[in-house]
Amino acid sequence: MAEVIIVPSEQEAGRLVGDAIADLITDRPDAVLGLATGSTPLAVYRHLSDRVRRDGVDVSRVRGFALDEYVGLPAGHPESYRRVIEREVVEPVGFDPARIQVPHGDLEGIETAGERYEAAIREAGGIDLQILGIGRTGHIGFNEPGSSLASSTRVKTLTEETRADNARFFDSPEEVPMHCITQGIGTILRARHLVLLAFGAAKAEAVAAAVEGPVSTSAPGSAVQLHPHVTVVVDEAAAASLSQAPYYRHAWANKPAWQGI
Ligand code: F6R
């Protein structure tokens, strides 16, 4: 069962998860992180960059793999996940850009980009900690409902709902690409620790389906139930549909400090 931690604010989630990542890097300076984009993990990246500045956490050898990328955006497009990861994660935290990879969304070579990404993750020894958000459709990465629970990195078609949600980053909804390349659910499940974050009422149903619903391709986030080490960090609004919330609060309040997350 996933550990569910209900926090009062995104800032508190950022502190909790950012500290866990700082501890991981301190223990293992060449740790491999799985990096989500979107709004959800921003508080985590902010707290991690604060820790690096304040406590001198050495991130120079950390390696990272982004979860996904749009297919077919012009090189250097400000909303390509390569640029977003540089702007929101690599530059503020101070990671070495050469050690942070993003799936290749260029049309040239797209047929083999998934396999090449899987090989790069394998060569790095696998992902130690994978940060995940969840879409209103229930997607993790860009694995929309119907995605195989055993899938690897590959090209997928975005749902219209996800394109509409992501239109806020583009000048017009039509500009949101139709296709993406995303780590598969199988890829995500091979990471050693999954940390899924969600905030706001719009995510409540997706979170409940992921954590408490049946494991099903209709709710891709539910695949996390198959993983032995999952931490779900949600605010009150995103936790609103969880039937076991009183137990999650009780377990967190009584968790031995040495266990960490
Ligand atoms: C991002 C990703 C997506 C997002 C999800 C939530 O790399 O893979 O699964 O995590 O769409 O997006 P936000 O955080 O913007 O609500």
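Labelled according to an unreviewed UniProt entry, the protein appears under the name Glucosamine-6-phosphate deaminase, originating from Microbacterium oleivorans. What the UniProt record of the protein gives under Sequence similarities (unreviewed entry) is the line "Belongs to the glucosamine/galactosamine-6-phosphate isomerase family. NagB subfamily." Heading Pathway (unreviewed entry) of the UniProt record for the protein holds this comment: "Amino-sugar metabolism; N-acetylneuraminate degradation; D-fructose 6-phosphate from N-acetylneuraminate: step 5/5."

Undergrad: Which residues make up helix α2 (residues 42-55), and what values do they have?
TA: Compared with an ideal rise of 1.5 Å per residue, which puts 14 residues at 20 Å, α2 spans 20 Å between its outermost C-alpha atoms and is within 8% of the ideal. Restricting attention to buried positions, one finds in α2 the residues A43, V44, Y45, H47, L48, S49, R51 and V52. Residues of α2 that are buried in the fold lie against α1 (10-27), β2 (32-35), α3 (81-93), β6 (129-132) and β9 (193-198). G56 sits one or two residues past α2 and shows a positive phi near 65 degrees.

Undergrad: Which residues make up the sheet that holds strand β8 (residues 179-182), and what values do they have?
TA: Pairing within the open sheet is antiparallel, and its 3 strands lie in the order β4-β8-β7. At either margin of the open sheet sits one strand with a lone partner, and together these are β4 (68-70) and β7 (154-157). Between one strand axis and the next, the sheet turns through 30 degrees on average, direction left out of account. Alignment of β4 against β8, held across 3 bridges, turns out to be antiparallel. Among the inter-strand pairings, E69 is bridged to a residue of β8, identified as I181.

Undergrad: Lay out the UniProt feature "site: Part of the allosteric site" (unreviewed entry) in the protein in plain terms, naming residues and giving numbers.
TA: The UniProt record marks S147, R154, K156 and T157 with the feature "site: Part of the allosteric site" (unreviewed entry), using the residue numbering of this structure. Among the secondary structure elements, S147 is positioned in the loop between β6 and β7. Every residue in contact with S147, bar those within four places of it in the chain, is listed here: R154, K156, I185 and T217. Of note is the side chain of S147, whose polar atom sits 2.7 Å from the backbone oxygen of E144. Position of K156 relative to the elements: it lies in strand β7. Apart from the residues within four sequence positions on either side, K156 is in contact with F142, S147, M178, H179, C180 and T182. A distance of 3.5 Å separates polar atoms of two side chains, one belonging to K156 and the other to S147.

Conventions used here
- For every chain, the first residue of the written sequence is number 1, and numbering continues from 1 along that sequence.
- Residues qualify for local features only when their pLDDT is at least 70, as the model is predicted, and side-chain atom pairs are given and counted only at 80 or more; totals for whole chains, interfaces and linings, by contrast, use all residues.
- Values shown for side chains rest on all heavy atoms present in the structure; no hydrogens or waters enter the calculation.
- UniProt positions are given in the numbering used here, feature names are shortened, and annotations may be inferred rather than shown by experiment.
- Starting at the N terminus, helices and strands are each numbered in turn, a helix being any DSSP run of H or I of at least four residues and a strand any DSSP run of E of at least two.
- One less than the number of residues in a helix, times 1.5 Å, gives the span that helix is expected to have.
- Residue burial is assigned from relative accessible area. The probe radius is 1.4 Å, only protein chains are included, and a residue is buried under 20% of its type maximum, exposed over 50%, and partly exposed in between.
- Contact between two residues is taken to exist if any of their heavy atoms lie within 4.5 Å; hydrogens are not considered.
- At least two bridges found by DSSP between two strands are what make those strands a pair.
- Here the axes come from fitting lines to C-alpha atoms, over the contacting stretch only for helices, and the angles between their N-to-C directions go from 0 to 180 degrees.
- Throughout this description, a polar contact denotes any pair of N or O atoms lying within 3.5 Å of each other; where both atoms belong to protein, one of them has to be capable of donating a hydrogen while the other can accept it, and for residues adjacent in sequence the pair is counted only when both atoms sit in side chains.

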